[in-house]
Protein chains: 2
Amino acid sequence: MKNNLEILKRCGVRPTPQRIAVVKYIFESKGHPDADTILENVRKTCPTISRATVYNTLNLLVAKGLLQTQILKGRTVIFDPNTQKHHHFVDDATGKVFDIPWDTLKVSQNKTLQGFQVRDYQVIMRGRRES
Amino acid sequence: MKNNLEILKRCGVRPTPQRIAVVKYIFESKGHPDADTILENVRKTCPTISRATVYNTLNLLVAKGLLQTQILKGRTVIFDPNTQKHHHFVDDATGKVFDIPWDTLKVSQNKTLQGFQVRDYQVIMRGRRES
DNA sequence: AATAAATATTGACAATGTTAAAAATAGGAT
DNA sequence: ATCCTATTTTTAACATTGTCAATATTTATT
Ligand SMILES: [Mn+2]
Ligand SMILES: [Mn+2]
Ligand SMILES: [Zn+2]
Ligand SMILES: [Zn+2]
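Since we're looking at a predicted model, the values are computed, not measured. (Residues numbered from 1 in each chain as written. Chains lettered and ligands numbered in written order. Predicted model: local features only at pLDDT ≥ 70, side-chain atom pairs only at ≥ 80, totals over all residues. Heavy atoms only, no water.)

1. As for the domain arrangement of chain A
Residue and element names in this part refer to chain A.
At step 1: Considered domain by domain, chain A is made up of domain 1 (4–80) and domain 2 (86–127).
At step 2: Taken over C-alpha atoms, the centre of domain 1 sits 25 Å from the centre of domain 2.
At step 3: On the side of domain 2, 9 residues touch domain 1, which itself brings 7 residues to the contact.
At step 4: With both chains or domains summed, domain 1 and domain 2 bury close to 630 Å², and 55% of this area falls on carbon and sulfur atoms.
At step 5: Among the residues of domain 1 in contact with domain 2, His32, Leu72 and Lys73 are the three that bury the most area, contributing 72% of the side total.
At step 6: Linking domain 1 to domain 2 there are 0 salt bridges.
At step 7: Applying the counting rule to domain 1 against domain 2 returns 7 residue pairs in polar contact (both at pLDDT 80 or more).
At step 8: Counting residues per element, the ones that place at least two in the side of domain 1 that touches domain 2 are β1 (68–70) and β2 (78–80).
At step 9: When its residues are assigned to classes, the side of domain 1 that touches domain 2 shows 2 nonpolar, 3 polar and 2 charged. (Domains from an automatic or database assignment. Contact = heavy atoms within 4.5 Å. Buried area = accessible area lost by both parts, 1.4 Å probe. Salt bridge = Lys/Arg side-chain N within 4 Å of Asp/Glu carboxyl O. Polar contact = N/O pair within 3.5 Å; in protein donor to acceptor, adjacent residues only side chain to side chain. Helix = DSSP H or I, 4+ residues; strand = E, 2+ residues; numbered from the N terminus. Nonpolar A, V, L, I, M, F, W, Y, C, P; charged D, E, K, R; others polar.)

2. A word on the sheet that holds strand β6 (residues 116–129) of chain B
At step 1: In spatial order, the strands read β4(A)-β3(A)-β6(A)-β6(B)-β3(B)-β4(B); together these 6 strands make up an open sheet with mixed pairing. The open sheet is flanked by β4 (97–101) of chain A together with β4 (97–101) of chain B, the only strands paired with a single partner. Put simply, the sheet's adjacent strands are angled 30° from each other on average, direction ignored.
At step 2: Pairing analysis gives 4 bridges linking strand β3 (residues 86–91) of chain A to strand β6 (residues 116–129) of chain A, with the strands arranged parallel. (Pairing = 2+ DSSP bridges. Axes fitted to C-alpha atoms, helices over the stretch in contact; angles between N-to-C directions.)

3. So, the packing of helix α2 (residues 17–29) of chain B against helix α4 (residues 51–63) of chain B
All names here are of chain B.
At step 1: For the pair α2 and α4, interaxial distance at closest approach is 10 Å and the crossing angle is 65°. The angle between α2 and α4 places the two elements in the roughly perpendicular class. α4 is crossed by α2, and the crossing has right-handed handedness. Residues Gln18, Arg19, Val22, Val23 and Ile26 of α2 form the contact with α4, whose participating residues are Thr53, Val54, Thr57, Leu58, Leu60 and Leu61. (Parallel < 35°, antiparallel > 145°, perpendicular 65-115°, else oblique. Left-handed = near helix turned anticlockwise from the far one by under 90°.)

4. Examining the pattern of salt bridges
Residues and elements named next belong to chain A.
At step 1: Tallied over the entire structure, the rule returns 8 salt bridges over all chains.
At step 2: Between Glu28 and Lys24 there is a salt bridge whose closest N-O contact spans 3.1 Å. Residue Glu28 and its partner Lys24 are both found in helix α2 (residues 17–29); the two are separated by 4 residues, about one turn of the helix.
At step 3: Residue classification places Glu28 among the partly exposed residues on the basis of a relative accessible area of 35%.
At step 4: The shortest N-O distance in the salt bridge between Lys85 and Asp120 comes to 3.0 Å. Taken together, the positions of Lys85 in the loop between β2 and β3 and Asp120 in strand β6 put the pair 35 residues apart, joining distant regions of the chain. (Buried < 20%, exposed > 50% of the residue type's maximum accessible area, 1.4 Å probe, protein only.)

5. Quick notes on the protein's contact with DNA strand C
At step 1: Taken together, 18 residues lie near DNA strand C, and Thr16 and Thr53 of chain A together with Arg51, Tyr55 and Val77 of chain B sit nearest.
At step 2: Each atom of DNA strand C within 4 Å of the protein was classed as base or backbone; sugar and phosphate made up 73%.
At step 3: The separation between a phosphate oxygen of DNA strand C and a polar side-chain atom of Arg19 of chain A is 3.1 Å.
At step 4: Thr53 of chain A is positioned with one of its side-chain polar atoms (N or O) 3.0 Å from a phosphate oxygen of DNA strand C.
At step 5: Taken together, the elements giving at least two residues each to the surface near DNA strand C come down to α2 and α4 (51–63) of chain A together with α4 of chain B.
At step 6: When residues in the surface near DNA strand C are grouped by element, the largest group, 4 residues, is from α4 of chain B.
At step 7: Its residues assigned to classes, the surface near DNA strand C shows 6 nonpolar, 7 polar and 5 charged. (Near = heavy atom within 4 Å.)

6. Re the interface of chain B and chain A
At step 1: Counting residues at the interface gives 35 residues for chain B, matched by 35 residues for chain A.
At step 2: Interface of chain B and chain A: buried area, both sides summed, is about 3,300 Å²; carbon and sulfur atoms make up 55% of it.
At step 3: Applying the counting criterion to the chain B and chain A interface returns 4 salt bridges.
At step 4: The interface formed by chain B and chain A holds 25 residue pairs in polar contact (both at pLDDT 80 or more) in total.
At step 5: Counting only elements with at least two residues in the side of chain B that touches chain A, the list comes to β4, β5 (105–109) and β6 of chain B.
At step 6: In terms of residue count, β6 of chain B provides more of the side of chain B that touches chain A than any other element does, 14 residues in total.
At step 7: Residue composition of the side of chain B that touches chain A, by class: 14 nonpolar, 10 polar and 11 charged.

Dropping the structure here:
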């Protein structure tokens, strides 16, 4: 997809080789990679890229609304190219993260939440992904 | 509460002064403190306690099922003395974590989750706690 | 080409947590 | 009480994740 280059231009970010490589990896892998995984993989095609540049790019993409961050396993941030509202399922065995479409679940209130103004929520499920 | 000492004995853990101090803080403060907060506060009554001992004790209590861990704000683990099933609300402004009783919310499936065996789940809500 | 602005790299740093080795402590046997 | 042993605590080193400032490089503009 040449689309990756467009993504950067469209939000006013200069499309440098490093940024293109990061965008390419994260939007084509369609997973929930952490910064380190992104760095390792991007270096296959862009061997000189530095850790700081990866973080700079990822944080920029988050600021531009093209990525979301999540913390679902361990203490490391994962970058989520799915910016629509959705829930998550984390496999106990593999640590793999799966998107659960928003309309799969319905969260309703039995009792009213007095004094809590909810801006956003999600359901996080853990268990086993069946083979 | 002398109860703290009982808690340790009951699960076969030798009740040392350090462990008693950690248990006392975490079960009496009733919040969702991180290890650093626990260390700081426990040092008020037990000034020589080391970071490693705090982590050792907390990990031990988690292994014994007396504490749960959560990662709800930033990337730091918080220790939760509420080991019953419950949901969480995180205040955007203060970072404060609130327990939402399990029966306050109901999560239902509109569509069946094919291939996902759910062992556990929780709803994480974010927003503003009204003054 | 010369200049200025934006970006990338490097290396230092902070925060969080784990680990191994040494020192201190507590309990039990004699 | 003294000795012995197992447990626990402390210390210090280390790993990981992420940020930051300074420097070097690249890019755009003139
Ligand atoms: Mn990783
Ligand atoms: Mn803290
Ligand atoms: Zn996702
Ligand atoms: Zn809780």
